[in-house]
Amino acid sequence: MRNILKICLFFCMTNIIGHNASAQDNSVAKDSVLLESLTQGMEAFFTDPYNYKQRFIEAEVVVDRLIKEKPESVYFKTKKVDITNYHTYFLRRELKDEDYLNKMYDNISLRQHIGDSCGLSISYRKLGVFWRTKKKYKEALSFVKKAQIQSLHCGDSLQMLLNDLAEIKIIRFTNKQFDFDSAYAHFISRATLLNQSRGIAASHQNYAGYLIRNKRHSEGKIHLDIAERVSEKDNDLIRLKAIYASSGNYYRKIKEYDKSIALYKKSIAINQKIKDSFSLSSTFLGISNSYSAKKEYEQSLEYYIKYKRIQARLKEIENSKLISGIASELNYKRQKSIDSIAFIQKATAIKMNAEQKSQRKFWIVVCSLLVLLLVSIIGYFKYKLRSKKTETKNSLLKQEVSLKSNEVTNLLVETVEHIQTKEVLSKNLKRLSTQEEGVSLKGILTDLKVENLADSKRLFIKENISKLQSDFIHKLKIKHPNLTKTDIEVATFIRLGLSRKQIASLRNTTVHASKSSRYRLNKKLHIEDGQDTVKYLKSI
């Protein structure tokens, strides 16, 4: 009975273990298929990088799961390093330096474990480029030398060429006496013999950059054109965006601004397509300068604002990553002696993360206060500007009202005095008519009454004309301050298109006097014979 129980137990355990093994195998098979579908077409990465970003993130999760299930599999580890290599592209362009370095060092560690010399060459070169951009030329050269050694081990001619180009770019900053022309000519020759389009484009692009920096623009443009043709054929968008920007700089320097703007726009379009916004900074500045040179200041300002926004974002990121620079240097030292400083590096990373969070909170508070202060200052100055404008406007209105009031008063006083004089004359004549009977005197009185009525009408007309033409009279006085009241009155009547006879009647003078007044007015207005006085006055 006991033996039967043992046999039953054995069969049950065997079935359970078999079932678990089968389930594990099924899970690995499914993940393997998923991994292949996610990484399919990776060679087209450079044509549209951000189209692959999410796929690489998902693929990394899947491959980590597979490595956990099959830790002895070299294939899955190779997939892992290929995926992380592409993933670091996005971390670099998003300025996540600490994450980038951590990924790169993990990548190198895994490549060393699986003995991937060609992959190590790529990783070391990328670290060399990273430290060169940080102006850490000693560290940069150290990593490029390691890349050269690995490329010799794997025998990849293209990798050898790209490593040598990376070394020359570092030497440009450290040894000005180096014969760069011969070196680049040699690289171009090697790339041509290899018939590797990527190597050809890189060699010509790097040489063009050197020539343009040394003000040999025409020679540089020749190599830029070659790099552009090769990159367009390969649809290498990452390289093309840099080439278009460099060509735009060239045409801007030789003052062909339309070509310059067209090339800058091509570069901007690619940057926007691959979502590489931080690379747009110098391109926005270049296109802004081109529009400014064309005196198209509105477009220039539009791109300059975009440039300043990116610069502000970059500065903010740099400020928030002051401590990350220290962490990056520590990561570099960790690579040189990883076993001895593993514990210190881990403790430092925890400390740096805490300080970074504290620093980020600090900058958020500071930025918020600065924004609040800026808004307050802008509001205050706007209020002051509106107050000043209102005050100036009121002052001008008061002056205008005062001026018009004085003009009307003077004209009324003059006209009233004239009427009063005639009334006195009328009274005197009336007394005379009572003493001596005569028809002629009564006729004179009648004429004077008619004249008084005409004077009243003239006064009414003058007053209304002054009101209607007040703006013209004000401008005329400003333009010709030497004019008398008579000149201004005559000018107003002429502007209205009145004849000499009509003007004489309104002013109660003779036609000859009206003609003389117009002649004097023309002289004061500096109007030559044959010029249209009415046209000139209407233009005021």
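Residues numbered from 1 in each chain as written. Predicted model: local features only at pLDDT ≥ 70, side-chain atom pairs only at ≥ 80, totals over all residues. Heavy atoms only, no water.

**Q** Explain the side chain of T84 here, please?
**A** Its location among the elements puts T84 in helix α3 (residues 74-93). Discounting chain neighbours no more than four positions away, the residues touching T84 are E60, K103 and N107. (Helix = DSSP H or I, 4+ residues; strand = E, 2+ residues; numbered from the N terminus. Contact = heavy atoms within 4.5 Å.)

**Q** Could you clarify how one ought to interpret the environment of D97 in this entry?
**A** Residue placement: D97 occurs in helix α4 (residues 97-114). Judged by relative accessible area, D97 falls into the buried class, the value being 10%. With 33 residues separating them in the primary sequence, D97 and F130 have C-alpha atoms 9.1 Å apart. (Buried < 20%, exposed > 50% of the residue type's maximum accessible area, 1.4 Å probe, protein only.)

**Q** Even after reading the chapter, I still don't get the state of the cysteines, so can you show me in this structure?
**A** Covalently bonding the sulfur atom of one cysteine to the sulfur atom of another cysteine gives a disulfide. Counting across every chain of the model gives one disulfide. Paired by a disulfide, C118 and C154 hold their sulfur atoms 2.4 Å apart. Because the torsion about its S-S bond is 110 degrees, the bridge between C118 and C154 counts as right-handed. Pair noted here: C118 is in helix α5 (residues 117-133) and C154 is in helix α6 (residues 137-154), with a separation of 36 residues, a long-range link. A relative accessible area of 25% means that C118 is categorised as partly exposed. (Disulfide = S-S within 2.5 Å.)

**Q** How should I be thinking about the environment of N249 in this particular structure?
**A** Note that N249 resides in helix α11 (residues 237-253). For the pair N249 and Y264, spaced 15 residues apart in sequence, the C-alpha to C-alpha distance is 8.3 Å.

**Q** In this structure, what is going on with the packing of α6 against helix α7 (residues 157-174)? I would like to understand it.
**A** Packed helices, taken two at a time, are described by the angle their axes make and the gap between the axes. At a closest axis distance of 9 Å, the pairing of α6 and α7 adopts a crossing angle of 160 degrees. It follows that α6 is roughly antiparallel to α7 by the angle criterion. For the pair α6 and α7, the crossing hand works out as left-handed. The segment α6 lies against α7, with Y137, A140, L141, V144, K145, A147, Q148, S151 and L152 engaging Q159, M160, N163, D164, A166, E167, I170, F173 and T174. The residue makeup of the contact of α6 with α7, split by class, is 10 nonpolar, five polar and three charged. (Axes fitted to C-alpha atoms, helices over the stretch in contact; angles between N-to-C directions. Parallel < 35°, antiparallel > 145°, perpendicular 65-115°, else oblique. Left-handed = near helix turned anticlockwise from the far one by under 90°. Nonpolar A, V, L, I, M, F, W, Y, C, P; charged D, E, K, R; others polar.)

**Q** I'm lost on unusual backbone geometry in this one. Help?
**A** Negative phi is the rule for most residues except glycine; trans is the rule for most peptide bonds. Within the chain, N195 stands out as a residue other than glycine whose phi angle is a positive 55 degrees. Topologically, N195 is positioned in the loop between α8 (180-194) and α9 (197-213). Of the residues examined, N195 reaches a relative accessible area of 64% and is grouped as exposed. Backbone geometry places K215, a non-glycine residue, at a positive phi of 65 degrees. By the element assignment, K215 lies in the loop between α9 and α10 (217-234).

**Q** Would you mind going over helix α14 (residues 297-320) with me for this structure?
**A** Under the 1.5 Å per step criterion, the end-to-end length of α14 is 34 Å for 24 residues, consistent within 8% with the ideal 34 Å. Taken as a whole, α14 has its buried residues at S300, Y303, Y307, I310, L314 and I317. Next to the buried residues of α14 lie α12 (257-273) and α13 (280-293). (Expected span 1.5 Å × (residues − 1).)

**Q** Sorry, what's going on with the side chain of K77 here?
**A** With respect to the helices and strands, the residue K77 is situated in helix α3. The side chain of K77 sits in the buried core without any salt bridge; E72 is the nearest counter-charge, 7.6 Å away. For K77, the contacting residues outside a window of four places in its chain are I67, P71, L110, H113 and I114. (Lys, Arg positive; Asp, Glu negative; His and termini not counted. Salt bridge = Lys/Arg side-chain N within 4 Å of Asp/Glu carboxyl O.)

**Q** I tried to follow the packing of aromatic side chains on my own but got confused; where do I start?
**A** Aromatic rings in a pair are described by how distant their centres are and how their planes are angled relative to each other. For the coordinates displayed, the defined rule picks out 16 aromatic pairs. A centroid spacing of 5.2 Å and a plane angle of 25 degrees characterise the contact between Y184 and Y207, whose relative ring orientation is stacked. One end of the pair, Y184, is in helix α8; the other, Y207, is in helix α9, and 23 residues separate them in sequence. Grouping residues by exposure puts Y184 and Y207 together as buried. Among the aromatic residues, ring-to-ring pairing joins F178, F180, Y184, F187, Y207 and Y210 into one connected group. One cation-aromatic arrangement involves R92 over Y100; the distance from NZ or CZ to the ring centre is 6.0 Å. (Phe/Tyr/Trp six-rings, centres within 6.5 Å; stacked < 30°, edge-to-face > 60°. Lys NZ or Arg CZ within 6 Å of the ring centre and 35° of its normal.)

**Q** Sorry if this is basic, but what is going on with the pattern of salt bridges here?
**A** Oppositely charged side chains can pair when the atoms bearing their charge come close. Applying the stated rule across the entire model yields 21 salt bridges. A salt bridge links D64 to K80; the nearest nitrogen and oxygen atoms lie 2.7 Å apart. Taken together, the residues D64 in helix α2 (residues 53-69) and K80 in helix α3 connect sequence positions 16 residues apart. Among the residues examined, D64 registers a relative accessible area of 36% and is labelled partly exposed. Look at K80 and you get buried, because its relative accessible area is 16%. Here E167 and K145 are joined by a salt bridge, their closest N and O atoms 2.8 Å apart. Here E167, found in helix α7, pairs with K145, found in helix α6; they are 22 residues apart in sequence, far enough to count as distant. Where salt bridges share partners, they join E60, D64, K80 and K103 into one cluster.

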